[in-house]
Amino acid sequence: NAMMVNVSIANMCESPPVPPTLAEPAIPSMAASLPETSDSHRFRNELSRRLAGTLWATVEAEDPATARQARQACFAAYRSVLQQAGQQQHHVAAAKACSIAAAAIVGSAKASAMQTGSSTGYVAAITALLSQNIDESNLLALNVAGGAYANAAGESNFFKVRSAVDVVLAVLPAARAEGQELGRSTLQAFAASEFQFVRELNFAAHGMATVANCVAKFQRDNKDLVADLVFADVVGQSSAAQATDPDIVNGMRLRAEQQVARGIDLQNDEVAAGFLLFYFIEVATEPYATTLAAALDTSEQPSALAAARQQAVFQVTLRKDLDNDPTVHAAVADAYVAAGGSQEMSAVVGPAVSRAVLAHVLFGSNVLAAVLRAVVSASTLVFPSHVTLNGALPPLPRNWGIDRLPCSRTLLADIFREGDFDYPYRLKQLDEVSPYMFYFFHLGDFASAAAKSQCLETSLIAPTRQGVYFDRLSDPMVFRRENFEAFVAVEQAVASQNNHAASRSVAGDAFVAAGGQVELNGELVALDTARGSLWLQSDQGIRFLDSLELAAAASVSLTGRAAAEFDQMSLALFAFGYWWRPVWGDHWSATSQMADDRVFELVVEAAKNNGNPNITNAECIAGNTDLVLAQGEAVDACLLTWASTKVPLEAVTGSVTRNKTTGLFAEIGASRGGGYHFHADHPRFKQRINAHLRKDGTTVSQDERDSLVEAFEQKILDFWEARRLQEQGSGYADGEEFSALKFSFLTELSLSELFADLRVDPVLVAAGVICLAAYVMFATASFRSSNRSHMLVSLIGLTVLALSTAAGFGIVPYLGMKLTPLSATIVPFIAFGIGVDDMLVYLQPYIEATGDLLASDFVQTHSLDEAVAVCMARMLSKAGLGVTFTTTTNTIVFLIAALTPIEVVRQFCIQMALTEVLNYIALLFVFVPVLYFDAQRTLKGHADCGIMLCDGARKTATPKQGFVARWAVNVYGPLLSRRRVQALVVTSFAIMFSVLAWQGFSFQEKGISISDVAADGSHQQEATVAIEDHFALFPSFLFTTANTFPQAQQTLLDMIAALQAVTQWVPQSTDVADTHWLPTLLFATNPDGSSTRPLPVTDFYPSLSDFLLGLGSALGLDLVCEDRVTGSITDCFELIGAFDASPTGNPNVVLKATRSLFYLVNLRESDAFPKAIEATRDAIDPIQEAYVESVDPTSQSFAHGFVYLYWEQFLHVTNDLYFIVGVGLVAIFVVTFALQRNVFVAVLLSLLVLTTVIEEFGLFQAMGVKFNAFSLTNLTIAIGLSVEFTAHVGHAFLLATGTSVERTVSALQHMLPPLTHGLATSLIGVVFLAASGIGVVRRYYFLMFFTTMLLAFGNGLILLPVLLMLFGPANHEPEREPRHSPKKGRRSTRKVLANGVSLPMTAPRMQLVDLQPGASYGGEPLAVCSSSV
């Protein structure tokens, strides 16, 4: 609507929905201690709601100014308490301070109204009484209030002070009650603001921010404590370290920490680790001493044994085998002897000392591993200073949350951290936090530190509990420190009950039994006392008990959910992002620039690891095959998506040259990246764009969404086109950074444009039409006699055909069809050409008839109407039936071909059939009547087009036959009648047919190169050529729709296994299960991590609910859910919390449809595509059919994607061809026999049509044409063209008399001229297609049409005449011409034609004449030029 809107790629690209638990909060949680909180709309609205109908509402109404002042004092007091305490559990104390401040202001106003006094003194007196919980009836109140008033007011007069105190004591009860109302409501309003995340169920995002801040602060403030706790945990898990002297272990730790402080990487620096090991060897005595003592007596010659030990240690540095190497044993023995040891003992000492040292080294290595892990964990697995900006700022903003998840795309750059260039900013923040949160809460090394920090409890669990109780308790002031144990008892009691009534009873009992207290008039009263019991029986107490049970149940549910969501998210988010990937140098975190050779080495490494099914995604992230001790093989690089699923390197690399020895990448010739944006009708896109553009709740229309998507793609196309064309400033121009690279691209819009633009250039069409019209007019013109010229009537005929062809376009929409590129350009071209052929068939006998009449005196002796009637009768007798026959057969053949499942072919054939009928009607009922008037002009002697040549208007000389007709009679016919020529023709055509049939059925290639469809030089052609030349892997999807997903688990697992087993087409380096949602769900849910064992049906949706909190959040786009109650599509995330003790989700949400990504490989040749489609469907279909039959008839599972969309036609295109040709031939035979009543001709014509189709089929390889929908369509056209060039000859043969040779020559005399003209006109139109810039037009339309017409013409005008001469029947019945008997008036007579067909006509004043050759009329001979006259 010409409305400019600001829509970014984040709104357009296909990306998973954000789980509510991780989403950016709609209303941020704001700490009560912040001054701006009390000014927020959230706080004010909540406060107004809570105060409505309370005592404070009366204050607001009666004295707004005082109320406003009291509120400000209340808020200031509230914030002051929290800021001083620094603990969230001080909300109750803050609320009490708030109520005192408000009561003092309100009480002061009341007192001033009763008696003039110091307002400052009144405030001080009331504040003192309420702060000390002094009852106004207590004598102490007089002294406290009096002293406070006197000091604040500076009043020393006893009577004035006493009078003021009396007023204070009088207003105190009402002020206290009103202040308490405001304090309680303020607490709930501040709690609603601070704990808003509880209402939004935004636990994971809020928890990630607050808990991360707590952890970062704890690690920063307690660095040494964390190191000690980690060291104790890790060493405690090592039996070797536990068995070692603590002083030695601590000595190793000290030295390791010193090396870390110097920047040494202990995990990768073998020298540094070796020094620590030798420290252990030198200072530790065990297990060396015990091992050696078990082998020999160590009391003898200790110095010699020490020398032997020293030699053995030296052999360790040389990496010698101390266990089995005799040279090592000999060297140790020699050292023993050299140091004074006995020669006799040396043979025993050598092996014994060597093996004792080996045992010592191995034991020390285990101790070292524990020490190194502890030191490295404490130094490198904690929050680094750059995350918290040296501790000055927290690692995540206070109101952190994910605003969007990444767009679906894959690039080669994803191997490196630089691949996060388009990663959402909030997730980049998370990238800096998530690994350290995972280490702290999920790595056993930090178990004690995590427990010591209490960060999860204080930063998430406790605030969640507070938010619940402050919001849901009738009196939030009861939730105070003194009652915390009582509330724990209540939660335990409520959790054990199954219904609300029982829970209410046990909740109250548990609270009382655990010492629960309430504040009554400023005094805490235990509920197990008489006073407390009376309160419980009051209305206030009853409301409290009701709210207590509900609040406790909600607390149990929501605190458990908060802990579970945080646990799952901190585990899942560890795998997300780019933090673990190597940096080549363009990332902000880079400290140096990686060499190009090293970059390529990492790409090769990624290809190797991605191709190794034994390397897991977790090992890619950990960077080591040992996930526990990191002592396995290094995993330096992998290609993973942002959600850490493997991607085959073949998906992004092409034209890869591999090392012949290692099989690894040696060179990469091309790379590609791919991404997805939303379809305009995608439900997720509708929701997203409505939320972005329609804040008023209205919806964006279909047209507006289409416009947005198209405009978005056009922006991308414009941006990329500059780079493809290497424009200056694009980075790809000469002399610029990427000038050596060739950039190409393809989008859905450009693909749509590619097929939408698959039409013949209008200029070429216009040129062809003009030349065709010029030829037809030239062929029908006579330059010897303007009277015998028929240019005008031929021009009218062309116009009639053009209009009737165009009329077909107007009818198509009413048939519910859309115009395709084929139907929009090729249909009019072909239909117009066939129509011109039929028009010429009408014109030829018409021209002969008028010429014969002008050459005789029939015109002079009969009326003009009689002469015209004879002319029209002769024309229709020779052409009418033939045109009707060809139109009928063509129409039937096209309608039969329309039964094919290929949509483009079906629509083309329907429109061809429709246009054929329209052209037939137009010629018969418009063009033929025009010929009637042209016959009057001709027989009157008038010039064509009003032109008078010098020979005069009438020319009475005997007209000559056309050159082609004379040549057919005098040369061509006699030539074909010779036996040798006939043998040559039959043999040549038989050989050609055999060769082409063998070629067609033996070497046919199915498929189509999309680059052929694109215009030369277009971005579509360049991109598709690059894809076809360089890449052989394509992504595809497995789709499933069902109403019974819990029962379908095993079926889906079987399908995944079946797909994986298609080894020729599905890559084995990437497991199909890795990208499917179900195995991921099972892995995350089954206790043993099994990804192949289905869940119990009853556990499926509860498990799915939990799964969507963690790893499932990245799969949101792959799942479509439905509300089984309303039947509407809904967000799967609504299932979260549906199965909690206090449900917060929608349990009616069920899976409706799913998809999962898999890849197809080895698709280098066109015929590979249909084979891959068949193989994958053969794997899936039997499993699906069995499930449909046994469980869910509505279930569907199928593979689909780019490959299936464009190549599925080739699965049935051969059967479609057999069907169209077979049924078409039957139709031709039936129609021919019905109209011609001759079995021989019907069979012969059907065989020749089949011959033409097979010969054209055999020419495919020579023309570079593949078997596809385009060529199938053109073979259908070949049937029609074959009928055009054979049916008319057969019909003319049947009309003639004489021997088979005479009948054939007669047929050639009449049909060779119009069919030759028809061939010429068709070739003229086709030849312009050779100049098209689209390969598919040149191959599939120019070449195929050109060769089809030549083959059809050859079979119809060369082979068919020979066969008719050889095998055709003779007909010796004399030809008859019309006889007319005089009748009175204008009565209907019947004109008998030469072939015995009668035609009703009206001929007034008509006499019968005999127009036999040589006959005369009125004594004058008739000049005839045609043997048929």
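Rules used in this analysis
- Residues numbered from 1 in each chain as written.
- Predicted model: local features only at pLDDT ≥ 70, side-chain atom pairs only at ≥ 80, totals over all residues.
- Heavy atoms only, no water.
- Helix = DSSP H or I, 4+ residues; strand = E, 2+ residues; numbered from the N terminus.
- Rg over C-alpha atoms; globule rule 2.2 N^0.38 Å.
- Buried < 20%, exposed > 50% of the residue type's maximum accessible area, 1.4 Å probe, protein only.
- Contact = heavy atoms within 4.5 Å.
- Areas by Shrake-Rupley, 256 points an atom, 1.4 Å probe, with all protein chains shown as cover.
- Salt bridge = Lys/Arg side-chain N within 4 Å of Asp/Glu carboxyl O.
- Phe/Tyr/Trp six-rings, centres within 6.5 Å; stacked < 30°, edge-to-face > 60°.
- Lys NZ or Arg CZ within 6 Å of the ring centre and 35° of its normal.
- Core = buried A, V, L, I, M, F, W, Y, C linked by side-chain atoms within 4.5 Å.
- Axes fitted to C-alpha atoms, helices over the stretch in contact; angles between N-to-C directions.
- Parallel < 35°, antiparallel > 145°, perpendicular 65-115°, else oblique.
- Nonpolar A, V, L, I, M, F, W, Y, C, P; charged D, E, K, R; others polar.
- Disulfide = S-S within 2.5 Å.
- Pairing = 2+ DSSP bridges.
- Patch = residues over 30% accessible without salt bridge, like charges linked within 9 Å, V, L, I, M, F, W, Y side chains within 5 Å.
- Expected span 1.5 Å × (residues − 1).
- Arc of directions from axis to C-beta.

Participant: Lay out the overall build of the chain with the relevant residues and their values.
Facilitator: If you tally the helices and strands in the chain, you get 52 helices and 15 strands. On C-alpha atoms alone, the chain measures out to a radius of gyration of 49 Å, which is more than a quarter above the 35 Å that the 2.2 N^0.38 rule sets for 1429 residues. Its C-alpha atoms give the chain principal-axis dimensions of roughly 160 × 115 × 65 Å. Within the chain, the fraction of its 1429 residues that count as buried is 54%. Summarising the internal contacts of the chain: among those between residues at least 6 apart in sequence, 75% fall at separations of at least 24. Accessible area for the chain stands at about 60,800 Å²; split by element, carbon and sulfur atoms hold 57% of it.

Participant: If you had to explain the pattern of salt bridges to someone new, which residues and values would you point to?
Facilitator: Should the charged atoms of two oppositely charged side chains come close, the side chains can pair. Under the criterion given, the structure shown has 45 salt bridges. Here Glu270 makes a salt bridge to Arg319, at a shortest N to O gap of 3.3 Å. Linking Glu270 in helix H14 (residues 270-283) with Arg319 in the loop between helix H16 (302-317) and helix H17 (326-338), this pair joins segments that are 49 residues apart in sequence. A residue is classified by how much of its surface remains accessible, and Glu270, at 60% relative accessible area, is exposed. For Arg319, a relative accessible area of 69% corresponds to the exposed category. A cluster of three or more residues bridged by salt bridges with shared partners is formed by Arg42, Glu46, Arg49, Arg50, Arg199 and Asp471.

Participant: Please provide a residue-by-residue account of the packing of aromatic side chains, values included.
Facilitator: Going through the model one piece at a time under the given rule, you end up with 54 aromatic pairs. Residues Phe1169 and Trp1207 carry aromatic rings whose centres are separated by 3.8 Å and whose planes lie at 10° to one another, so their mutual orientation is stacked. Of this pair, Phe1169 sits in helix H45 (residues 1168-1190) while Trp1207 sits in helix H46 (residues 1202-1207), placing them 38 residues apart in sequence. On the basis of relative accessibility, which here comes to 5%, the residue Trp1207 falls in the buried class. On the numbers, 5.3 Å between centres and 65° between planes, the contact of Phe1257 with Phe1260 is edge-to-face. Members of the aromatic cluster, each reached through a chain of ring pairs, are Phe195, Tyr469, Phe470, Phe479, Phe484, Phe487, Phe511, Trp535 and Phe544. Taking the ring centre of Tyr578 as reference, the NZ or CZ of Arg581 above it sits at 4.2 Å. Directly above the aromatic system of Phe1293 lies the positively charged group of Arg1303, at a separation of 4.5 Å from the ring centroid.

Participant: Now, about the side chain of Glu181: what can you tell me, with residues and values included?
Facilitator: For Glu181, the position within the fold is in helix H8 (residues 158-194). Not counting residues within four places of it along the chain, the set of residues in contact with Glu181 comprises Leu51, Thr54, Leu55 and Trp56.

Participant: Now, about the nonpolar core: what can you tell me, with residues and values included?
Facilitator: Among the nonpolar cores identified, the biggest contains 165 residues, and Val353 and Phe446 are the most heavily contacted of them. Sort the elements by how many residues they give to this core and helix H18 (residues 343-380) lands first, with 15 residues. Apart from the residues within four sequence positions on either side, Val353 is in contact with Tyr288, Leu292, Leu305, Ala308, Arg309, Ala312 and Val332. Core analysis: the second largest hydrophobic core is formed by 139 residues, Phe885, Val1249, Val1289 and Leu1360 among them.

Participant: For the packing of helix H29 (residues 683-693) against helix H30 (residues 702-724), give the residues involved together with the corresponding values.
Facilitator: Two elements in contact, H29 and H30, have axes separated by 12 Å at closest approach and are oriented at 95°. Here H29 is positioned roughly perpendicular relative to H30, judged by the angle of their axes. Across the interface between the two elements, Phe685, Lys686, Ile689 and Leu693 from H29 touch Arg705, Leu708 and Val709 from H30. Class assignment of the residues belonging to the contact of H29 with H30 gives a composition of five nonpolar, no polar and two charged.

Participant: How would you sum up the state of the cysteines? Please name residues and give values.
Facilitator: In total, this model carries five disulfides according to the counting rule given. Disulfide partner of Cys74: Cys98, at an S-S distance of 1.5 Å. Its S-S torsion of about -55° marks the bond between Cys74 and Cys98 as left-handed, since a negative value means left-handed. Of this pair, Cys74 sits in helix H4 (residues 64-85) while Cys98 is found in helix H5 (residues 91-114), placing the two residues 24 residues apart along the sequence. Judged by relative accessible area, which is 0%, Cys74 ranks as buried. On the basis of relative accessible area, Cys98 is assigned to the buried category, the value being 0%. One disulfide bridge connects Cys1121 with Cys1132, the sulfur atoms lying 2.0 Å from each other. Where Cys1121 bonds to Cys1132 through sulfur, the torsion about that S-S bond is close to 105°, and the disulfide is right-handed. Note that Cys1121 is positioned in strand E8 (residues 1119-1123) and Cys1132 in the loop between strand E9 (1129-1130) and strand E10 (1149-1160), a separation of eleven residues in sequence.

Participant: Hey, could you go over the sheet that holds E10 for me, with residue numbers and the actual values?
Facilitator: One open sheet accounts for five strands, arranged E9-E8-E10-E7-E11; its pairing is antiparallel. Looking at which strands have only one partner, the edges of the open sheet turn out to be E9 and strand E11 (1196-1201). Bridge count between E8 and E9: two bridges; the pairing is antiparallel. What sits directly across from Cys1121, in E9, is Thr1130. Those strands touched by H45 are strand E7 (1034-1041), E10 and E11, and its axis lies near 165° from that of E11.

Participant: Tell me about a nonpolar patch on the surface, and please be specific about residues and values.
Facilitator: A cluster of nonpolar side chains, namely Val917, Ile921, Phe925 and Val926, defines an oily patch on the protein surface of about 340 Å² accessible area. Residue class for Val917 comes out partly exposed when judged on its relative accessible area of 34%.

Participant: Go over helix H23 (residues 484-495), please, and point to the residues and values.
Facilitator: Taking 1.5 Å of rise per residue, twelve residues should cover 16 Å, and H23 covers 17 Å from first to last C-alpha, within 8% of that figure. Within H23, the full set of buried residues consists of Ala486, Phe487, Val490, Glu491, Ala493 and Val494. The buried residues of H23 all sit within an arc of 165° when viewed along its axis, so they share a single face. In H23, those exposed residues whose orientation departs by more than 90 degrees from the buried face are Glu485, Gln492 and Ala495.

Participant: Explain the environment of Thr1348 to me, using residue names and the numbers behind them.
Facilitator: On the secondary structure map, Thr1348 appears in helix H52 (residues 1335-1367). On the basis of relative accessibility, which here comes to 1%, the residue Thr1348 falls in the buried class. In this structure, Thr1348 is in contact with Thr1252, Glu1256, Ala1278 and Leu1281, ignoring residues within four places of it in sequence.

Participant: Lay out the side chain of Thr1051 with the relevant residues and their values.
Facilitator: Turning to its location among the elements, Thr1051 is positioned in helix H42 (residues 1049-1060). Judged by relative accessible area, which is 13%, Thr1051 ranks as buried. Apart from the residues lying within four places of it in its own chain, the contact partners of Thr1051 are Ile1183 and Tyr1187.

Participant: Which residues make up the pairing of E7, and what values go with them?
Facilitator: Taken residue by residue, a regular strand's side chains alternate between the two faces of the sheet. Summarising the sheet, E7 and E10 pair through eight bridges and their orientation is antiparallel. Following the sheet pairing, Leu1038 is matched in E10 by Ser1156.

Participant: Describe unusual backbone geometry, and please don't skip the residues or the numbers.
Facilitator: For the bond from Glu286 to Pro287, the omega torsion is 10°, close enough to zero to count as cis. With respect to the helices and strands, Pro287 occurs in the loop between H14 and helix H15 (288-295). Even without glycine at this site, Asn133 takes up a positive phi of about 55°. In this structure, Arg319 is a non-glycine residue whose phi angle is positive, near 60°.

Interpretation note: all reported values are geometric properties and have no functional meaning in isolation.
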